[in-house]
Amino acid sequence: RSLSGDGPPLVTTVLRGGIVRDETWARRPDVPAVISSTVDQVGSRLLFRGYGLSSTMRPIHAGLLGNDVLFLLDEVHLARPFAESLEAVHGYRDWRDDGGPTVPDRWHVVQLTATPTMRAERPFPAARLDPESHDVLRRRLLAGKPARLEIAKVAKDTAKANEQLATACVELARAQLQLGHVRTLAVIVNRVDAARHVARQLAELSDDLDLILLTGRMRSLDRDRVLTRWGPQLRLGRERKHGDKPLVVVTTQSIEAGADFDFDGVVTECASLDALRQRFGRVDRDGRLDEAGTPSSSVIVVRSTDVGATAPDPVYGSALTNTWSWLTSLDYVDFGIEALAVRLEHVVQHPLVPQPSRAPRLLPGHLDQWVQTSQRPPRTEAVVGRWLHGIDEDERLADVELVWRADLHPSLLALSPEIYERYEDEVSARVAACPPVSGEALSVSIMELRRWVAGEPSDPTTSDVPGVGDVDEEEQQQRPRSHDGFLRWSSGRAERVSLDDVFPGDTLLVPAVRGGIWRDNWDPSSGEPVNDIALEATVSIRSRAVARLSPGVFGTHTDLPEPEELGEDTKRERDAAIKSYLAVAAEAEEAIHHARAEVFRHLSRQPGRELRIRALADHVDGDEVRSSYVVTSTKRLSQQVGDLAPDDGADAVSFTGVRRVTLDAHLRGVDDRVGRLATNLGVGEELVADLRLAGRLHDVGKADSRFQRWLRGGEGGPLLDELLAKSSTPDVDQVTRQKARELSGYPRGARHELLSYGMVKDPAGPTSTAHDPELVRYLVASHHGFGRYRFNPCLDPSPETVRFEFDGAAVSASSDHGLCGLDAGVADLFWRMVRRYGWFGLTWLETILRLADHARSREEQEHELDDDAPTEATA
């Protein structure tokens, strides 16, 4: 509690999906945090390739996860390659050629599993409690979970076999539901395509049961909504009633880990033994059915083509066939915990479970590749997924994130490059007004995405086991480059891309009318328009509400004026019309989702000065223009939700939308903040002093007079007496921001932090007092995530000499500094620092400075939010 001040002494959060859900954990690395996540999310971030993160934010997450962390790797039998990679990372954390000061060594890994496949070097077994002394334990251990075996006759063709297996599973499920005590039943299959067939057939059969389709391909907000609705009938401890309407959950491997469900029975496709044990762990979980004398009722069904098969299964290899052979050798099949343990005492288990894939050997050269985060990785780079899921991982089986938006029109995204170029800034501004968040994102593999675009059916072999599936080798052939109607969201900007340019972890936006979701799950055959849930997802994460008033998103607003008709005299009438519209919408609670009603109610109650209303134009089908508005509350929502971490891939972080901040106050504030943060983290005094000096110098390049005019909206004329660090223009208002840059004359693509480096790089300058002057200069250059290992070229057609007073002396440099070139010394400095502090040690020091900068920027804005005094911007 002494570390967090007025905040909570412990932070908890969940990382899932490709887009960061809540970055509260990443704000204060000195405050303890418990993070629940997946191998893909944590592993890709640790190895500098964070899925769903911009290139500039990747170093921060590598710094956070590469230092001061205890990993509890659960279900390690499912994550053997990642466990091997963590062991390799542990060995490389002190790999340094040039012995600089060290950072605290706090980084450990603990492996957890209920179904081990190999013996740990230092096992920590669970204490063996006496069942007779613990009623709950005895009930769970001794509960019988009988199952019978069935063979489903299917064709050799996988797609047809999925449909035939589904028919067999539906008939078996109907028979199970005839038993009076089976009210909640799971149907578990090994292929996502088969799960969709089961759900469709059950939906068509009868209205006498409730049906849920639950796969790993869902938007998290949809999944949360389903589990909230049906959780009381699914979770452990529920009250069973024989008269309840039957509930059937059709699912895949996604239910094997982390699901605290308690089914009365299961119809499951045969899999490897460890997978079946996980599935039956969700049946009569508390043992109460068996205790009541009505044991659970289950069926294990196998495809006829898998009986005695010699070809390995795409998911489970030979383990599926071997498991079936072993089950048929038993006189009685019982997956109760004790009952199964007795049968396994004299069995060699390895043939019954898939042999774990191995990770490639992690070499220094791989880390040297990944640590270069300032640019898109080349196609020749080592695919990081192989160190997460095994050497056979194919990049095309890695996931991207899809986000559906109703205010994106397919005709706009299909325009020729020449015409689209006219509108790309407006399209990007439309997305930036309400940036994608994790709750509205759905993960699909790149291979599945390509099949969808090509109009081909879903891959019938696809499962919910990450990185497992068949890859069509013909797909590798070059196909004509095309614009497939996708936008990629990265570094605060939406750019149209071809599928040839899609990378694992990318966030892609698609028009909602394109379809692709059925019963809340990914279904490329569905053409039904997808529900745009950006509003609900955003309000669940951000601390401010953002409402888009656009056709297809929320109602209609034909009575609102068109953007091009707005003049100074009509703005007041427009604002009044929109507020009236919001008030009416807030009352229509029966017609809109609860979360939307809450947002609109909040917006409609705000005083005029606390609502920001912006007009956007949507160019569709040539000259047609539709009115569209974005309404943002500048006042925080009352509920406790977290802001997304800033994506400082651009100078957008200098635009706050709240108040202006002077440069001197900001530099002094970061100096103080980074000192406190580094001290709390146990960093040595010498490094703390160097971090503070870097914080005092990091933004001196903003003294450029053109940058100052940009922060003031492009205003000409004399500047104010004090230099600014932050503008009151909103960071999400890309159109206004870019117009201001053009008016100011600041070069497009210029980096103020590189100019800062040019102003302090003189060895006799202000860094001469540092314990490691090169480290200070590097931290100044890299404090927005660039310079690892280079900056993008940028020409300054009208250079000027920039000066800044620091501790009574002036630092200066020409804005035509030439530091973008590979021969300018910045790249060499980066590699010297990597060798001096190590891959993870250097990133840790960068992270401390950058998070202190973020924290100070937040404090500067939040301090004014609850103050009724006029801000500098409004004054």
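Residues numbered from 1 in each chain as written. Predicted model: local features only at pLDDT ≥ 70, side-chain atom pairs only at ≥ 80, totals over all residues. Heavy atoms only, no water.

## Describing the overall build of the protein chain
In step 1: Broken down by element type, the protein chain carries 28 helices and 24 strands.
In step 2: Counting across all 875 residues of the protein chain, residues that qualify as buried make up 57%.
In step 3: Only carbon and sulfur atoms are counted for the fraction: they give 50% of the accessible area of the protein chain, which is about 37200 Å². (Helix = DSSP H or I, 4+ residues; strand = E, 2+ residues; numbered from the N terminus. Buried < 20%, exposed > 50% of the residue type's maximum accessible area, 1.4 Å probe, protein only. Areas by Shrake-Rupley, 256 points an atom, 1.4 Å probe, with all protein chains shown as cover.)

## Things to note about unusual backbone geometry
In step 1: Cis geometry is found at the peptide bond from R788 to Y789, where omega equals 20°.
In step 2: Along the chain, Y789 turns up in the loop between α26 (773-781) and β23 (801-806).
In step 3: Of note, the phi angle at D284 is positive, near 40°, even though the residue is not glycine.
In step 4: Within the element layout of this structure, D284 appears in the loop between α9 (273-280) and α10 (288-291).
In step 5: Phi at D807 is positive, roughly 50°, even though this residue is not glycine.
In step 6: Tracing the chain through its elements places D807 in the loop between β23 and β24 (809-814).

## Comments concerning helix α8 (residues 220-230)
In step 1: Listed in full, the buried residues belonging to α8 are S220, L221, D222, V226, L227 and W230.
In step 2: Against β7 (210-214), β8 (247-251), β12 (441-445) and α18 (534-539) lie the buried residues of α8. (Contact = heavy atoms within 4.5 Å.)

## A short note on the pairing of β8
Residues in a regular strand project their side chains so that they alternate between the two faces of the sheet.
In step 1: Among the 5 residues of β8, 5 are classified as buried, and the element is accordingly described as predominantly covered.
In step 2: Residues L247, V249 and T251 of β8 are buried on one face, and the alternating residues V248 and V250, pointing to the opposite face, are buried as well.
In step 3: Here 5 bridges tie strand β6 (residues 184-188) to β8, and the two strands are oriented parallel to one another. Note on β8: the bridge partner recorded for A186 is V249.
In step 4: Pairing geometry for β7 and β8, over 5 bridges, is parallel. Pairing of L214 across the sheet is with T251, part of β8. (Pairing = 2+ DSSP bridges.)

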